[in-house]
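Next come the chains, spelled out residue by residue.
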Number of protein chains: 2
Amino acid sequence: MSTAEQSEPKAEPRRPLSRERVLRGAIELADERGIESVTMRALAQQLGVEAMSLYNHVANKDEILDGMVDTVMEEINDATSSISGEWKSAMRRRILAARQVLLRHPWATGALVSRTSDSVPLTKYYESLIGLFHAGGFSYDLTHHALHALGSRALGFTQEPFDDSQEIPDPAALAQQMAAEYPNTAALLESVTHDADTTLGWCDDQFEFEFALDILLDGLERHRDAG
Amino acid sequence: MSTAEQSEPKAEPRRPLSRERVLRGAIELADERGIESVTMRALAQQLGVEAMSLYNHVANKDEILDGMVDTVMEEINDATSSISGEWKSAMRRRILAARQVLLRHPWATGALVSRTSDSVPLTKYYESLIGLFHAGGFSYDLTHHALHALGSRALGFTQEPFDDSQEIPDPAALAQQMAAEYPNTAALLESVTHDADTTLGWCDDQFEFEFALDILLDGLERHRDAG
DNA sequence: ACCTGAACACCGTTCAAGT
DNA sequence: ACCTGAACACCGTTCAAGT
């Protein structure tokens, strides 16, 4: 009637370690505390083991990062591969579904763009997008350009060099303060924050994502019809 | 007639250290050997000094990274701020000029998207783009959407989750090998590598960048005219 | 005011030793 | 076959001491 008592954080019931469990643990850690807190020692501790044990199941830390990305890509494939229909609508729904997966793993976009080795689930994802374009009347050549044009948007994310996620406590004050040196930026800020449809933050990221996505899909369709 | 002989690598004639010199040294190091080789110790060595001396001129390593990005952004501002004319052509030329600067500093795109603090030269750059859009008949609201739609492309770069920079030694063989599991990808690969206008690598990144940029600028113009 | 040696807390990783 | 303690080479950073 007595199992060993243990008060370690996250102590799962001590199943044997495996590559699978190492990757799941790493993803859990990254989701909860950020990718930078995924260290060999912290990951081992969460799994109730010493850091060195991890090397029995993965070659090194890079392989963990690659494995984490692959796991997320499989999640995306599960969420998107069955979405079909008219090419533009299907493409749109697939990409937005991929986006939902990535929003659950904020660290994954950075890991995706920085990895160099190629990934089977990533290749599968693109294989399926390519099929969708081709079935929609796109030549393979135009499909190739289309994938470049979409860039990381094909997977449901963009990376921008400014941070719009933060709330602006007093937009009017900020605009006034910027007005002297940055008049256009101040005017934009004032206009945008007065607008009814952006009440969430000062940017509705989902709206902006779909806005750009639709411009690209429409533009690509025009190229197809002109070709 | 005799200056002290010294055989250290990169030994500049021992000017006094300064924040300016620290940042220039860091950029030089990153350009030549990659951002991951910019460590406090390596940077100090290149400057002919001990690692600890750097802390007299910058607060910490993050401030060095921020300073490196700001320096590159100033280079971009110098290269773009005088480009004017009809909005679409001017926007296009500015963005392509920014791209040329970033191609000289391959590490800068990664540093740009990962930094959180806001940057004066980055704000200046966007101030000038906003001005160009507004002068071109865009409302501030539409300009805001436009900047989101361009994303990092406004600065001349994209980040894609696959690497097309590598040469494919034998594309036909690769296509045949992929054909069973990834038929669409194989067909795309075969079509693209047979094509005359992509003889450089298997992707002409400059072409792809302009292709997507033009779709976006044209699409934005349509929105302006429809509004 | 600027530079430095020694030290600290943290990495990823190796290796010989345990079971 | 899997796990571990001790150790190594490397980080960024602090601090007291030098000039």
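Figured I'd write up the structure that's included with this text. Computed from a prediction, not measured in an experiment: that's the story for all the values here.

**Observations regarding helix α10 (residues 205-226) of chain B**
Here α10(B) contains 22 residues, and its C-alpha end-to-end distance of 32 Å stays within 8% of the 32 Å for a straight helix at 1.5 Å per residue. Residues of α10(B) that are buried: B:Glu208, B:Phe209, B:Phe211, B:Ala212, B:Leu213, B:Ile215, B:Leu216, B:Leu217, B:Gly219, B:Leu220 and B:Glu221. Looking at the buried side of α10(B), the elements it contacts are α7 (140-150) and α10 (205-226) of chain A together with α4 (87-104), α6 (120-135) and α7 (140-150) of chain B.

**Observations concerning the relation of the copies chain A and chain B**
Once chain A has been moved 0.0 Å along the axis and rotated by 180 degrees, it coincides with chain B to within an RMSD of 0.0 Å. Those values place the two copies in the arrangement expected of a two-fold rotation axis. The fraction of interface residues of chain A whose copies in chain B are also interface residues reaches 98%, indicating that both copies meet through the same surface.

**Re the pattern of salt bridges**
Residue and element names in this part refer to chain A. Under the defined criterion, the tally for this structure stands at 22 salt bridges over all chains. Ionic pairing is found between Arg104 and Glu75, a salt bridge with its closest N-O pair at 2.7 Å. A residue pair is termed long-range when its members are at least 10 positions apart, and Arg104 in the loop between α4 (87-103) and α5 (108-114) and Glu75 in helix α3 (residues 61-80) qualify at 29 residues. On the basis of relative accessibility, which here comes to 48%, the residue Arg104 falls in the partly exposed class.

**Observations regarding the protein's contact with DNA strand D**
The immediate surroundings of DNA strand D are formed by 16 residues, with A:Ser53, A:His57, B:Met40, B:Arg41 and B:Lys61 found nearest. Sugar and phosphate atoms constitute 49% of the interface atoms of DNA strand D, taking the interface as everything within 4 Å of the protein. Take B:Tyr55: an N or O atom from its side chain is 3.1 Å from a phosphate oxygen of DNA strand D. At a separation of 2.8 Å, a phosphate oxygen of DNA strand D approaches a polar side-chain atom of B:Lys61. Split by residue class, the surface near DNA strand D holds 7 nonpolar, 5 polar and 4 charged.

**A closer look at the packing of helix α9 (residues 183-193) of chain A against α7(B)**
Axis separation between α9(A) and α7(B) bottoms out at 8 Å; the angle between their running directions is 100 degrees. It follows from the interaxial angle that α9(A) and α7(B) lie roughly perpendicular. Counting all contacts with α9(A), which are made through A:Asn184, A:Ala187, A:Leu188, A:Ser191 and A:Val192, the residues of α7(B) involved are B:Tyr140, B:Asp141, B:Thr143, B:His144 and B:Leu147. Here the residues of the contact of α9(A) with α7(B) are counted per class, giving 5 nonpolar, 4 polar and 1 charged.

**Here we look at the interface of chain A and chain B**
At the interface, 52 residues of chain A touch 51 residues of chain B. Both sides together, the interface formed by chain A and chain B hides about 4,900 Å², and carbon and sulfur atoms give 64% of it. It is A:Glu127, A:His148 and A:Pro161 in chain A that bury the most area against chain B; as a group they hold 14% of the surface buried on that side. Across the contact surface, chain A and chain B share 0 salt bridges. Between chain A and chain B we count 12 residue pairs in polar contact (both at pLDDT 80 or more) in total. Elements that contribute at least two residues to the side of chain A that touches chain B include exactly α5, α6 (120-135), α7, α9 and α10 of chain A.

Cut-off values and rules
- Residues numbered from 1 in each chain as written.
- Chains lettered and ligands numbered in written order.
- Predicted model: local features only at pLDDT ≥ 70, side-chain atom pairs only at ≥ 80, totals over all residues.
- Heavy atoms only, no water.
- Helix = DSSP H or I, 4+ residues; strand = E, 2+ residues; numbered from the N terminus.
- Expected span 1.5 Å × (residues − 1).
- Buried < 20%, exposed > 50% of the residue type's maximum accessible area, 1.4 Å probe, protein only.
- Contact = heavy atoms within 4.5 Å.
- Least-squares fit on C-alpha atoms with pLDDT ≥ 70 in both.
- Salt bridge = Lys/Arg side-chain N within 4 Å of Asp/Glu carboxyl O.
- Near = heavy atom within 4 Å.
- Polar contact = N/O pair within 3.5 Å; in protein donor to acceptor, adjacent residues only side chain to side chain.
- Nonpolar A, V, L, I, M, F, W, Y, C, P; charged D, E, K, R; others polar.
- Axes fitted to C-alpha atoms, helices over the stretch in contact; angles between N-to-C directions.
- Parallel < 35°, antiparallel > 145°, perpendicular 65-115°, else oblique.
- Buried area = accessible area lost by both parts, 1.4 Å probe.

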